[in-house]
Amino acid sequence: MIIGVPKEIKNNENRVAITPAGVAAFVKSGHNVFIESNAGMGSGFTNADYMAAGAVVLDQAAEVWSTAEMVMKVKEPLASEYAFFRQGLILFTYLHLAAEPELARALMENCVTAIAYETVEANRTLPLLIPMSEVAGRMSAQIGAQFLEKSHGGKGILLGGVPGVKHGKVTIIGGGVVGTNAAKIALGLGAEVTVIDMSAERLRLLDEMFNAQINTLISNPFNIAEAVAEADLVIGAVLIPGAKAPKLVTEEMIKTMQPGAVVVDVAIDQGGIIETVDRITTHDSPTYEKYGVVHYAVANMPGAVPRTSTFALTNATVPFALQIANKGVKQAVKDNKSLYLGVNVAGGSITYEAVARELDYTYVPVELALEKEFLRA
Ligand SMILES: NC(=O)C1=CN([C@@H]2O[C@H](COP(=O)(O)OP(=O)(O)OC[C@H]3O[C@@H](n4cnc5c(N)ncnc54)[C@H](O)[C@@H]3O)[C@@H](O)[C@H]2O)C=CC1
Ligand SMILES: CC(=O)C(=O)O
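Model, not experiment: these values are computed from the prediction.

Parameters at a glance
Residues numbered from 1 in each chain as written. Chains lettered and ligands numbered in written order. Predicted model: local features only at pLDDT ≥ 70, side-chain atom pairs only at ≥ 80, totals over all residues. Heavy atoms only, no water. Helix = DSSP H or I, 4+ residues; strand = E, 2+ residues; numbered from the N terminus. Rg over C-alpha atoms; globule rule 2.2 N^0.38 Å. Buried < 20%, exposed > 50% of the residue type's maximum accessible area, 1.4 Å probe, protein only. Contact = heavy atoms within 4.5 Å. Areas by Shrake-Rupley, 256 points an atom, 1.4 Å probe, with all protein chains shown as cover. Lys, Arg positive; Asp, Glu negative; His and termini not counted. Charge placed at Lys NZ, Arg CZ, Asp CG, Glu CD. Near = heavy atom within 4 Å. Polar contact = N/O pair within 3.5 Å; in protein donor to acceptor, adjacent residues only side chain to side chain. Phe/Tyr/Trp six-rings, centres within 6.5 Å; stacked < 30°, edge-to-face > 60°. Lys NZ or Arg CZ within 6 Å of the ring centre and 35° of its normal. Arc of directions from axis to C-beta. pLDDT = per-residue confidence, 0-100. Core = buried A, V, L, I, M, F, W, Y, C linked by side-chain atoms within 4.5 Å. Nonpolar A, V, L, I, M, F, W, Y, C, P; charged D, E, K, R; others polar.

Novice: Give me the lowdown on the overall build of the protein chain, citing residues and values where you can.
Specialist: Of regular secondary structure, the protein chain possesses 14 helices and 15 strands. Its C-alpha atoms give the protein chain a radius of gyration of 21 Å, near enough to 21 Å, the size a compact globule of 377 residues would have. Projecting the C-alpha coordinates of the protein chain onto the three principal axes gives extents of approximately 65 × 45 × 35 Å. A total of 377 residues make up the protein chain; the buried ones form 55% of that total. Pairs at least 24 apart in sequence give 63% of the contacts found in the protein chain among residues at least 6 apart. In the form shown here, the protein chain has an accessible surface area of approximately 15,500 Å², with 53% of it arising from carbon and sulfur atoms. Taken together, the 30 basic and 39 acidic charged side chains of the protein chain have centroids lying 2 Å from each other.

Novice: I'd like a rundown of the site of ligand 1, residues and numbers included.
Specialist: Taken together, the neighbourhood of ligand 1 is formed by 26 residues, with Ser133, Asp197, Ser219, Asp269 and Met301 sitting nearest. In this structure, serine 133 approaches ligand 1 through a side-chain N or O atom, which is 2.7 Å from an oxygen atom. Between ligand 1 and valine 266, the relevant distance is 3.0 Å, taken from a nitrogen atom to a main-chain nitrogen or oxygen of the residue. Protein burial of ligand 1: of its 870 Å² of free accessible surface, 89% is covered by the chains. Contributions of two or more residues to the shell around ligand 1 are made by α5 (130–147) and α6 (177–188).

Novice: So what's going on with the packing of aromatic side chains? Which residues, and what values?
Specialist: Under the defined criterion, the tally for this structure stands at 8 aromatic pairs. For the pair phenylalanine 45 and phenylalanine 311, a centre-to-centre distance of 5.6 Å together with 85° between the ring planes defines the contact as edge-to-face. Of this pair, phenylalanine 45 sits in the loop between β2 (32–36) and α2 (47–53) while phenylalanine 311 is found in helix α10 (residues 306–327), placing the two residues 266 residues apart along the sequence. Phenylalanine 311 gets classed as partly exposed once you look at its relative accessible area, which sits at 35%. An aromatic cluster of three or more residues is present, and its members are Trp65, Tyr82, Phe84 and Phe85. Over the aromatic face of tyrosine 288 sits the side chain of arginine 279, whose NZ or CZ is 3.6 Å from the ring centroid.

Novice: An account of helix α8 (residues 221–230) is needed here, citing residue identities and associated values.
Specialist: Listed in full, the buried residues belonging to α8 are Asn223, Ile224, Ala227 and Val228. End-on view of α8: buried residues confined to an arc of 125°, all on one side of the axis. Turned more than 90 degrees from where α8 packs its buried face, Pro221 and Phe222 sit exposed. In this structure, the buried residues of α8 make contact with β7 (169–173), β8 (192–197), β9 (215–218), β10 (233–236) and α9 (251–255). The N-terminus of α8 is capped by asparagine 220, whose side-chain oxygen sits 3.1 Å from the backbone nitrogen of phenylalanine 222.

Novice: Describe unusual backbone geometry, and please don't skip the residues or the numbers.
Specialist: Of note, asparagine 12 is a non-glycine position whose phi angle comes to about 55°, a positive value. For asparagine 12, the location among the structural elements is in the loop between β1 (2–5) and α1 (20–28). The residue histidine 96 is not glycine, and still its phi comes out positive at about 50°. By the element assignment, histidine 96 lies in the loop between β5 (90–93) and α4 (101–109).

Novice: Help me get a handle on the confidence of the model for the protein chain, residues and values and all.
Specialist: Model confidence for the protein chain is summarised by a mean pLDDT of 97, while 99% of its residues fall at 70 or above. Scored by ipTM, the complex comes to 0.99, with pTM at 0.96.

Novice: Just give me the short version of the nonpolar core, but keep the residues and values in it.
Specialist: Counting residues in hydrophobic clusters, the biggest one holds 77 residues, and the most contacted among them are Phe26, Met72, Phe92, Ile115, Val264, Met301 and Ile324. At 8 residues, α10 tops the list of elements feeding residues into this core. Aside from chain neighbours lying at most four places away, what touches valine 264 is Ser140, Ile143, Gly144, Leu233, Val234, Ile235, Gly236, Tyr296 and Met301.

Novice: Summarise the site of ligand 2; cite the residues concerned and give the values.
Specialist: Every residue near ligand 2 is listed here: Arg15, Lys75, Tyr94, His96, Leu129, Met132, Asp269, Ala299, Asn300 and Pro302. Contacts to ligand 2 include histidine 96, whose side-chain N or O atom sits 2.8 Å from an oxygen atom. Considered on its own, ligand 2 offers 210 Å² of accessible surface; in the complex 94% of this is hidden by protein. Residue classes in the shell around ligand 2 are distributed as 5 nonpolar, 2 polar and 3 charged.

In structure tokens:
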């Protein structure tokens, strides 16, 4: 199979979908890799590194997209990339379609087989989301601490306090991978940490994991309102796979926060859980202020630490991509239920139930959609 890797074009997105080691793995299995010139520069990989591993370096993104049978990316394609979609193309990347209706339509209209990293599932975990959630979770506490500084618009507190002065309070809503990693760093900084989740089982696990050093609360509007009002920093970390994030922190709750408090809505890639987060921000301009509260809503947080993130992401994605390349998408998806659950669009239909429900399309099971696709070809 011919694998294409274009350079990422989202604001300050310095990750790349493949490392030279990944290229070598594809080449060893008899595949060809075409990568856009300088695609790896932001992560510290030169064109020469990729060529030494066996890749062909192409100057233009258009050449990569048009040559490839499978395009591997990091972030969802932006509007300027939709023109590259065509029937038969396999796209393997983060998609977050519940929050990207235009992208969903473009993929359907062009009959792309689109496999979303974030819905590939194994043993009730999301193996291709986990590494980036680990990164974003850790970053969220660090970033929150930074924006609490006066010079960054915050209320001017140190999360850890100092002897004789109170610690800062961090409320984390969603105790999954992002939430757990945020709690680790917030606790390490010396903050008083509260984690809210809808799963009592998850809270029990967290209580044990942190040796009762954090407060845990079951998710309901009353507990969320109280914990938000008290918090210096709120971190949004809820996920319902494939679906739009529920708005759990209302505008009224945000109004109860103190001036200079900070919210970091990590779940923004699925639409965000904070009602007053009304836009996606970028690494260039990461925050805005509303009701005196600093709002941060960057949808590609790991893009700011690209070297760590590219290694972590590709460690997880390349083995799945190799299965697709070795067997072809139809057989790979048939053999591997995890990959089956990653297919969001095929044969012009939405093939992931929660995405179809969210975007108001008829859900078509992957096997039927792929059959249609192969009959059409
Ligand atoms: N902005 C960015 O750059 C990045 C964003 N993310 C996003 O962060 C979000 C969280 O991801 P993960 O932690 O990996 O998901 P996860 O599945 O590990 O955790 C989600 C948690 O939310 C909880 N939950 C669901 N409904 C809830 C409710 N009503 N109240 C409280 N808790 C509830 C679940 O029980 C689960 O523990 C996702 O949207 C993910 O895509 C991840 C990486 C980077
Ligand atoms: C998960 C995701 O969207 C990211 O890492 O950018």
